[in-house]
Structures are given as C-alpha cells and as structure tokens.
Amino acid sequence: MTSSAGPQEDGDRRNVSDAAGVVVLGACAAWSLISAAMHDGRPEGVLLAILAVAAGYAAGRIGGALLPVAVPCAAALAGVGLTLTVPHLSPGPQLVTPLGHAGATAAVLTLATGAACCAAWSASAPLLRLALRLLAAGITVTAAVLGSTSGFVTCSAVLVCSLSAGHLRHRGVGIAGLALAAASVTGLIWAVAGNVVPGGLLTWLEGQLTGHRIQLWQDALHLAREDLALGVGPGRFGELSSTATGTLLSDGKPHSAPLQQAAEQGVVGVLLLAAAFCWMLFALWRTARPTPVALTAGAALTALAAIAAVGNALSFTTVSVGAGLLAGLATARPIAVESTQLEDDVRTRGDQLAP
C-alpha cells in the first residue's frame, strides 16, 4: 500500500506535481485577466478562488507533513462545525434559499467526509482508525439530517470508495475511474444544456434540478457560442443572461462550473478548469502516500466536481479552500516517515560500505 521509492524519487515526484500545479493555477489566473481585459469583465472572483485553492493546498501540505492524522481530523470537524453554525454560506439577503446554498453544504460535508477517511487511513491504532471512520459515517448522517440529499449521496459514495480503496492495489485504475466519472457528469450536463438528451430523461432531470436551473445552463451555452475563444468575460453572465436578469435576487451565476467557464472564459477556460482537476488527480497518483489515502481524497474531489457541475459550490471560498486543503493533506509527506526512510537509507549505505 505504501510507496517503496527512495527519498530522491519521492522528491522528484513532488517536484513534478508541484510544478504542474504552479503552471496550471498560473495559467488560470492569467487567462481570467486576459478574458476580462478583452470584454471588460470582473476577474476578482476567479482570482479569489485560485488564491483560496493555493492557500488551502499549501496549508494541507504543511499540516499533513507535521500531523497527518490530527490535521485532517480537525479539518473534518471544522467542516461540520461550519455547516452547523453558519447555515447561510451565501452572502447577501436571505429572503429565499439561494440555489447555491444546497450545493455548498453538500460540498463542505463531502470534503469533511474525505478528510475524516484520510485521517482514518493515516492512523496506525485500530481503535483510532475505527473512531475516525465512525466520524465519517456521522458526517454522512449529518447530511441526511440537514436535508441535503445530494450531500448524503456524495458523502456515502466517498465513504464506500474509501473502504473499497483498501482492496485496490493499483491506484492508477482508481484514478482513471474517477476521471471518467467526472467527465461523464460534465458530459451529461452539457447534453442537458444542449437539449440533446431523451425526453424522458430530460423530464426526470427537470424534476430533480428544476427547470429554472436548466434555463440558466441553456443561457450559458448560448453565450458560449457567441465567443468560443474568449467568452463574454468573467462575472458578466448575470448581465447577459435573460433568465438571470428576470429572476428576483439572482446571484448572476449559471450554477454549473463548466458552463460558467464556457460562457465567461470560452473553450480555453473550460480546458483550464479541466486541467486544474486533472492536476489534483495527477498529484494524487504521484504521491508517495498510501493508495487508500490518495484514492479517498480523489473520490471526495471527484464528488465535489460532480456537485460543482450542477451547482454553484465553487463560488464559495470555503469550498475552494477545502478542496485545496484536502488535496494538500493527501499529497503531503509526513516528516516522521521521511526521517525513518532516511535513517534506513543511511543504514543500508553503511552496510554496503562495511567490509
């Protein structure tokens, strides 16, 4: 389950994945500025989300290296506490429940479940591991109690995937499956927006997602076709969408991250969003952490991608920070493990040099 690579190879792995992350996040920030400059857009929201992911990732790498069990456990408890004590994660007047509120709640609880499961796999004591798994199950029950159906489904999926990850020897297969799942959800959303799904399925989806949300998606796809390369500019969907402008207390979002990128930043923006997700999966594939930890975090991030594809979760800074934090925790190299490997490496070299 654990990596058998030496310290030098582990360092090379981290350098490659870190360099890829810097390039991808930097490209996302640069393109948002370019698109905004061409269409007088407002890139502040995109830049804040990128900064939140980077800050969360850095914090996760540090915390996971120092306290690989305590920090993800604390992150899981913080996620639950935030959901319970700050029920309205959306800014602005709360006369009605905003479309993005349910998605943000589901996303935070899903990431909290993933963090608890990662802490469980990092723990060595059987009782502690059992307690952390019970914490993950408790978070799943909390989602059901709060009435978050999507959160209950995604938390349950993460919990099941985490338990199953212990029996999977090759993480590449699991990572590929997660990427395929995310691509499938995105493709389905795109098909719904383009009105190319069968009538029976479309009727069922309208009942689950509401016709208003689907109209927002259709507006986003229409705006994307107007300028495939650059989009209409970051933050301008609310101004140009007939559905958004005709809605009371609209937040000006299409409530689908891929479609929002397509409408506001064009095809390049969609590709960069996909690249950011693929970078996280790539970092989890390359990490020297045990396979169950990597696949658990990957399952939680994939569930988040599915939530973001049908909602407004990524517009909440808390969710962006949580995604980066979980990715950082799962790719951090615990200092105690590095010290042990270094001692073994020195001892082995000493034995080889001995007469």
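The shown structure was predicted, so the numbers you read here are calculated from the model rather than taken from an experiment.

1. Description of the nonpolar core
Point 1. Counting residues in each nonpolar core, the largest one holds 58 residues, and the members touching the most others are Ile 139, Trp 279, Leu 284, Leu 301, Val 319 and Leu 326.
Point 2. Here the element with the most residues in this core is helix H4 (residues 99-122); it accounts for 12 residues.
Point 3. Excluding anything up to four places from it in sequence, Leu 326 contacts Leu 111, Gly 114, Ala 115, Cys 118, Ala 297, Ala 300 and Leu 301.
Point 4. In terms of nonpolar packing, the next biggest core, distinct from the first, is built from 20 residues, Val 192, Ala 220, Leu 223 and Ala 244 among them.

2. Concerning the confidence of the model for the chain
Point 1. Residue-level pLDDT values for the chain average 86, and 85% of them are 70 or greater.
Point 2. Every residue in residues 90-100 scores below 50 in pLDDT, and together they form 13 contacts with partners more than four places removed in sequence or on other chains.

3. Concerning the environment of Ser 150
Point 1. If you trace the backbone, Ser 150 turns up in helix H6 (residues 149-165).
Point 2. Linking Ser 150 and Ala 106, residues 44 residues apart in sequence, is a C-alpha distance of 6.2 Å.
Point 3. In this structure, Ser 150 is in contact with Ala 102 and Ala 106, ignoring residues within four places of it in sequence.

4. Looking at the environment of Pro 334
Point 1. Among the structural elements, Pro 334 can be located in the loop between helix H14 (317-331) and helix H15 (335-353).
Point 2. Between the alpha carbons of Pro 334 and Ala 65 there is a distance of 3.8 Å; along the sequence they are 269 residues apart.

5. Details of unusual backbone geometry
Point 1. Phi at Asp 40 is positive, roughly 55°, even though this residue is not glycine.
Point 2. Within the secondary structure layout, Asp 40 lies in the loop between helix H1 (7-39) and helix H2 (44-66).
Point 3. You will see that His 255, though not glycine, has its phi angle at about 60°, which is positive.
Point 4. Mapped onto the secondary structure, His 255 falls in the loop between helix H11 (242-245) and helix H12 (257-286).
Point 5. The exposure class assigned to His 255 is buried, which follows from its relative accessible area of 2%.

6. Notes on the packing of H6 against helix H13 (residues 291-309)
Point 1. The contact between H6 and H13 brings their axes to 9 Å, and the two run at 160°. Put simply, H6 runs roughly antiparallel to H13. For H6 against H13, the interelement crossing comes out right-handed. Here H6 contributes Thr 154, Val 158, Cys 161, Ser 162 and Ala 165 to the contact with H13, which in turn contributes Pro 292, Leu 295, Thr 296, Ala 299, Ala 300, Ala 303 and Ile 307.
Point 2. Residues belonging to the contact of H6 with H13 are distributed by class as follows: nine nonpolar, three polar and no charged.

7. Some words on a nonpolar patch on the surface
Point 1. Together, Ile 62, Leu 66, Leu 67 and Ile 335 make up an exposed nonpolar region whose accessible area comes to about 390 Å².
Point 2. Secondary-structure assignment places Leu 67 in the loop between H2 and helix H3 (70-85).
Point 3. Classification of Leu 67 as partly exposed rests on a relative accessible area of 47%.

Calculation criteria
- Residues take numbers from 1 onward in each chain, read along the sequence in its written order.
- The predicted nature of this model means local features are confined to residues of pLDDT at least 70 and side-chain atom pairs, given and counted, to a pLDDT of 80 or more, with totals for whole chains, interfaces and linings taken over all residues.
- In computing side-chain properties, one takes all heavy atoms of the structure into account and sets aside hydrogens as well as water.
- Take the buried Ala, Val, Leu, Ile, Met, Phe, Trp, Tyr and Cys residues and link them wherever side-chain atoms come within 4.5 Å; each set so joined is a nonpolar core.
- To sort residues, take the accessible area from a 1.4 Å probe on protein chains only and compare it with the maximum for the residue type: under 20% means buried, over 50% means exposed, and anything in between is partly exposed.
- Note on conventions: DSSP H or I runs of at least 4 residues are helices, E runs of at least 2 residues are strands, and numbering of each starts at the N terminus.
- Residues count as neighbours in contact if any of their non-hydrogen atoms are within 4.5 Å of one another.
- pLDDT is a residue-level measure of predictor confidence that goes from 0 to 100.
- Only the contacting stretch of a helix is used when fitting its axis, a line to C-alpha atoms as for every element, and angles between N-to-C directions run 0 to 180 degrees.
- For this classification, under 35 degrees means roughly parallel, over 145 means roughly antiparallel, 65 to 115 means roughly perpendicular, and everything else is oblique.
- Handedness of a crossing is defined here by the sense of rotation of the near helix relative to the far one, left-handed for an anticlockwise turn of less than a right angle and right-handed for a clockwise turn.
- Side-chain classes follow a simple rule in which Ala, Val, Leu, Ile, Met, Phe, Trp, Tyr, Cys and Pro form the nonpolar group, Asp, Glu, Lys and Arg form the charged group, and the remainder, Gly included, forms the polar group.
- Only residues whose relative accessible area exceeds 30% and that take part in no salt bridge are eligible for patches, with like-charged residues grouped when within 9 Å of each other and nonpolar side chains (Val, Leu, Ile, Met, Phe, Trp, Tyr) grouped when within 5 Å.
- Under the convention used here, a 1.4 Å probe and the Shrake-Rupley method define accessible areas, while residue burial counts only the protein chains that appear.
- Salt bridges, as used here, are contacts in which a Lys or Arg side-chain nitrogen is within 4 Å of a carboxyl oxygen on Asp or Glu.

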